[in-house]
There are 2 protein chains.
Amino acid sequence: MSIVVVGSVAFDSLRTPYGVRERVLGGAATYFSLSASYFAEVRVVGVVGRDFTPEHEAVMKNRGVDTRGIQHVEGKTFFWKGEYGENLNEVKTLQTDLNVFAAFQPQLPADYLNSEFLFLANIDPLLQSRVRDAMPQAKLVGGDTMNYWINDHRQNLRQTLKRVDVLLINDTEAKLLAGDNSLPRAARKVLALGPKALVIKHGEYGATIFFRDGQFAGGHHPFRAPALPLEEVRDPTGAGDSFAGGFMGYIASQGEVTRNVLKHAMFYGSVMGSFAVEQFGTERLQSLTREEIEGRFNTFRELTHLD
Amino acid sequence: MSIVVVGSVAFDSLRTPYGVRERVLGGAATYFSLSASYFAEVRVVGVVGRDFTPEHEAVMKNRGVDTRGIQHVEGKTFFWKGEYGENLNEVKTLQTDLNVFAAFQPQLPADYLNSEFLFLANIDPLLQSRVRDAMPQAKLVGGDTMNYWINDHRQNLRQTLKRVDVLLINDTEAKLLAGDNSLPRAARKVLALGPKALVIKHGEYGATIFFRDGQFAGGHHPFRAPALPLEEVRDPTGAGDSFAGGFMGYIASQGEVTRNVLKHAMFYGSVMGSFAVEQFGTERLQSLTREEIEGRFNTFRELTHLD
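Calculation criteria
- Residues numbered from 1 in each chain as written.
- Chains lettered and ligands numbered in written order.
- Predicted model: local features only at pLDDT ≥ 70, side-chain atom pairs only at ≥ 80, totals over all residues.
- Heavy atoms only, no water.
- Helix = DSSP H or I, 4+ residues; strand = E, 2+ residues; numbered from the N terminus.
- Rg over C-alpha atoms; globule rule 2.2 N^0.38 Å.
- Buried < 20%, exposed > 50% of the residue type's maximum accessible area, 1.4 Å probe, protein only.
- Contact = heavy atoms within 4.5 Å.
- Areas by Shrake-Rupley, 256 points an atom, 1.4 Å probe, with all protein chains shown as cover.
- Lys, Arg positive; Asp, Glu negative; His and termini not counted.
- Charge placed at Lys NZ, Arg CZ, Asp CG, Glu CD.
- Least-squares fit on C-alpha atoms with pLDDT ≥ 70 in both.
- Buried area = accessible area lost by both parts, 1.4 Å probe.
- Salt bridge = Lys/Arg side-chain N within 4 Å of Asp/Glu carboxyl O.
- Polar contact = N/O pair within 3.5 Å; in protein donor to acceptor, adjacent residues only side chain to side chain.
- Pairing = 2+ DSSP bridges.
- Axes fitted to C-alpha atoms, helices over the stretch in contact; angles between N-to-C directions.
- Parallel < 35°, antiparallel > 145°, perpendicular 65-115°, else oblique.
- Left-handed = near helix turned anticlockwise from the far one by under 90°.
- Phe/Tyr/Trp six-rings, centres within 6.5 Å; stacked < 30°, edge-to-face > 60°.
- Lys NZ or Arg CZ within 6 Å of the ring centre and 35° of its normal.

**Q** How should I be thinking about the overall build of chain A in this particular structure?
**A** Each helix and strand counted, chain A has 10 helices and 13 strands in total. For chain A, whose C-alpha radius of gyration is 18 Å, the value lies close to the compact-globule estimate of 19 Å for 307 residues. When the backbone C-alpha atoms are referred to their principal axes, chain A occupies close to 50 × 45 × 35 Å. Taking all 307 residues of chain A together, the buried fraction comes to 60%. Considering only contacts in chain A between residues 6 or more positions apart, those separated by 24 or more positions represent 63%. Roughly 11,600 Å² of accessible area belongs to chain A as shown, and the carbon and sulfur atoms make up 48% of that amount. Charge-centre separation for chain A: the mean point of 33 positive side chains lies 6 Å from the mean point of 36 negative side chains.

Right, dumping it as structure tokens:
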């Protein structure tokens, strides 16, 4: 099975307590693609400028990612510069140059359209809806968003959410979207907007999936996956997109979408997120093995299972 | 098996978004005793003033708690007044009157001394050490502390920690005690101070137990228990002490202290903490049944177990 992902491809300049990197490959679609590539065929849709070289594209191609959906246009690639403080939970954005991303109009190669799975990374909900329209037969659609769209583009976002099956956001975004400080209540309110399931990411404390009543056989109780108490998180950038890649990738590898598959997908999401943050940028996601992934999956199971 | 707990018995005035209660029974030793009473015989050591009536003491006695270690002295009982904001994660202390607690000198009835388990709730580490001295044969000693002792009584605290087997503190306290913002590194540093195991409580995100290498057969990987995504937390007061009561109580009910017992104890600690916060003060802890406790244990298992 294959997944189409639409989102940002970017260059990031990063400073964390562990070091500095200038203009390394980043962007939500990049992290997602590399992460999901360990589980399924991935087709990426994005836009880059003239500073995006074949070497950059090779990072994705080497992982078997289909990059024909990346448009190369005049101008410079989306650039982001951020700095993480001592505890790594908060990031200060120092610079955001949308560049070619400002006028992004996703274009899907014709043979992308038969993909069974679609992930709408964090972009303008109008664009998310347009891509969703192009793939009406998708078996499962995942989506992400952020405070900016929730605050200033709420009506458009609500239209998108009606046709997203699984929304993946963090605690703050869920509370903001629902207008409720209680996480379980916020979850119920978000599910009432359309999604059949909602994944709320808690950073170093893992993530919880909430199910809409009557969806996915096997009960509607929430399920929580842990995050590894990582000895040294070197760079949190891309953790959420890598989680989404592992989550969607695992689902695509299974074909059927049951509650049990979604629970395992939560673990694989956490596993891929935990790898991503161990090194700067996408470094760690470029050369993992299935053995390393299964090994960490087992560590996560041991971390939470009683027997 | 029986547990001795030494700590505060208090009256609390509480304000949360769900209501107000004036001068209800509280204190770490009270929450701990009620919680642990569902698993083991509990003997409490504390001090109260003349405003502490037989009706107050009956709350503990009704749960079978041995209250002979509570000294009744001239003066007023420890009083605390606090207010929780909208998200319930932060509390503002409005008033603290130590009253008779300021001169607390724990006195253990002679037949308490044969208890196999001891819990040193959050009091002056000098007093914790003195009680520890009185029970040199204890099979397992649990302890708690807080920022005040970590900051201003560090040497005394370090002496106590040398003879505490399991320390139970929260994220902030662990990082402060270790002087390290990475939780796994902080855990290792705290374990180097003496405890064989360290339970770090993450509030609504559950708790993690870290083991010192070579202690407790069955590996030294950390283990995480969830917290229930509670629909409505009405009053967070006493959550940590109720966790400790469930944790120590379950261990005492098992007799032997293995890694597997400690893992289950983490779940029972979370279970009891989750009950405590559902109602104001100790209300919910006064009338639970084993069926309710086992039911929630199973819910927690379902929340985290894959198969």
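After that view of the structure, there is still more to cover.
**Q** Sorry if this is basic, but what is going on with the relation of the copies chain A and chain B here?
**A** Between the two copies of the chain lies a relationship made up of a rotation around an axis and a movement along it. Of the transformation superimposing chain A on chain B, the axial component is 0.0 Å and the angular component is 180 degrees, with the fit at an RMSD of 0.0 Å. Such a turn and shift between the copies fits a two-fold axis. Of the interface residues in chain A, 100% have counterparts in chain B that sit at the interface too, so the contact is made through matching surfaces.

**Q** I would appreciate a short explanation of the interface of chain A and chain B in the present structure.
**A** Chain A puts 37 residues into the contact, and the matching count from chain B is 37 residues. Summing both sides of the interface, chain A and chain B together bury roughly 3,500 Å²; the carbon and sulfur share of this comes to 49%. Of all residues in chain A, A:Y205, A:R224 and A:L306 bury the most surface against chain B, accounting for 24% of the area lost on that side. The interface formed by chain A and chain B holds two salt bridges in total. Between A:R301 and B:D307 there is a salt bridge, with the nearest N and O atoms lying 3.0 Å from each other. Our count for the chain A to chain B interface comes out at 14 residue pairs in polar contact (both at pLDDT 80 or more). When residues of the side of chain A that touches chain B are traced back to their parent elements, those giving at least two are helix 6 (171–178), helix 7 (183–191), strand 13 (223–225), helix 9 (259–276) and helix 10 (290–304) of chain A.

**Q** How should I be thinking about the side chain of A:Q71 in this particular structure?
**A** Note on placement: A:Q71 falls in strand 5 (residues 66–72). Here A:Q71 falls in the buried class, since its relative accessible area comes to 16%.

**Q** How should the pattern of salt bridges be read in this particular structure?
**A** Two side chains carrying opposite charge are able to pair once their charged atoms lie near each other. All names here are of chain B. Tallied over the entire structure, the rule returns 30 salt bridges over all chains. D165 is the salt-bridge partner of K196, the closest N and O atoms lying 2.6 Å from each other. Linking K196 in the loop between helix 7 (183–191) and strand 11 (197–201) with D165 in the loop between helix 5 (154–161) and strand 10 (166–170), this pair joins segments that are 31 residues apart in sequence. In this structure D165 comes out as buried when scored by relative accessible area, which is 9%. Put simply, E292 and R284 hold a salt bridge, and the shortest N to O gap is 3.4 Å. Judged by relative accessible area, which is 31%, E292 ranks as partly exposed.

**Q** I'm lost on the sheet that holds strand 10 (residues 166–170) of chain A in this one. Help?
**A** In any sheet, the strands associate via hydrogen bonds between backbone groups, in a parallel or an antiparallel arrangement. Residue and element names in this part refer to chain A. Spatially, the nine strands line up as an open sheet ordered 5-4-1-8-9-10-11-12-13, and their pairing is mixed. Every interior strand has two partners, whereas the edge strands, strand 5 and strand 13, have only one. The average undirected angle you get between the axes of adjacent strands in this sheet is 15 degrees. Note that strand 4 (residues 41–48) and strand 5 share five bridges and pair parallel. Looking at strand 5, one finds that R43 is bridged to D66. The strands touched by helix 9 are strand 11 (197–201), strand 12 (207–211) and strand 13; relative to strand 13, the strand with the most contacts, the crossing angle is about 25 degrees.

**Q** I keep staring at the packing of helix 1 (residues 28–36) of chain A against helix 8 (residues 239–254) of chain A and nothing clicks. Help me out?
**A** When two helices pack together, their arrangement is given by the angle between their axes and by how far apart the axes lie. Residues and elements named next belong to chain A. It is at 7 Å that the axes of helix 1 and helix 8 come closest, and there the two elements cross at 40 degrees. Viewed along their axes, helix 1 and helix 8 adopt a mutual orientation that is oblique. Crossing handedness for the pair helix 1 and helix 8: right-handed. Contacts between helix 1 and helix 8 involve A28, Y31, F32, S35 and A36 on the former and, on the latter, D241, S242, A244, G245, G246, M248 and G249.

**Q** Honestly, the packing of aromatic side chains in this entry has me stumped. Any pointers?
**A** The geometry of two aromatic rings is summed up by the distance between their centres and the angle between their planes. Scanning the model with the defined rule gives 23 aromatic pairs over all chains in all. Arranged with centres 5.5 Å apart and planes meeting at 20 degrees, the rings of A:F101 and A:F104 form a pair that is stacked. Of the two residues, A:F101 and A:F104, neither departs from the other in class, the shared state being buried. The lysine or arginine in question, B:R21, covers the ring of B:F280, its NZ or CZ lying 4.2 Å from the ring centre. Taking the ring centre of B:Y38 as reference, the NZ or CZ of B:R63 above it sits at 3.7 Å.

**Q** How do you make sense of the packing of helix 6 (residues 171–178) of chain B against helix 7 of chain B when you look at a structure like this?
**A** All names here are of chain B. As a packed pair, helix 6 and helix 7 sit with axes 9 Å apart at the nearest point and diverge in direction by 60 degrees. Regarding the angle of helix 6 to helix 7, the classification is oblique. Both helix 6 and helix 7 take part in a crossing whose hand is left-handed. Only L183, A186, K189 and V190 of helix 7 make contact with helix 6, whose side of the interface consists of D171, A174, K175, L177 and A178.

**Q** Whenever I open this one, unusual backbone geometry confuses me. Can you help?
**A** Glycine aside, a negative phi is what most residues show, and trans is what most peptide bonds show. All names here are of chain A. In this structure, R23 is a non-glycine residue whose phi angle is positive, near 50 degrees. Inspection of the secondary structure puts R23 in strand 3 (residues 19–26). The backbone of N99 sits at a positive phi, close to 50 degrees, despite the residue not being glycine. Examined against the element boundaries, N99 turns out to sit in the loop between strand 7 (91–97) and strand 8 (117–120). Among the residues examined, N99 registers a relative accessible area of 33% and is labelled partly exposed.

**Q** So what exactly am I meant to see when it comes to the sheet that holds strand 6 (residues 79–84) of chain A here?
**A** All names here are of chain A. The mixed open sheet is built from four strands, whose spatial order is 3-2-6-7. Each edge of the open sheet is held by one strand with a lone partner, namely strand 3 and strand 7. This sheet shows a mean twist of 15 degrees between the axes of neighbouring strands, independent of strand direction.

**Q** What's the story with the environment of B:D97 in this structure? I'm lost.
**A** All names here are of chain B. Position of D97 among the secondary structure elements: in strand 7 (residues 91–97). When the C-alpha atoms of D97 and W80 are compared, they prove to be 6.4 Å apart, with 17 residues separating the residues in sequence. In this structure D97 touches T77, F78 and F79, once residues within four positions along its chain are discounted.

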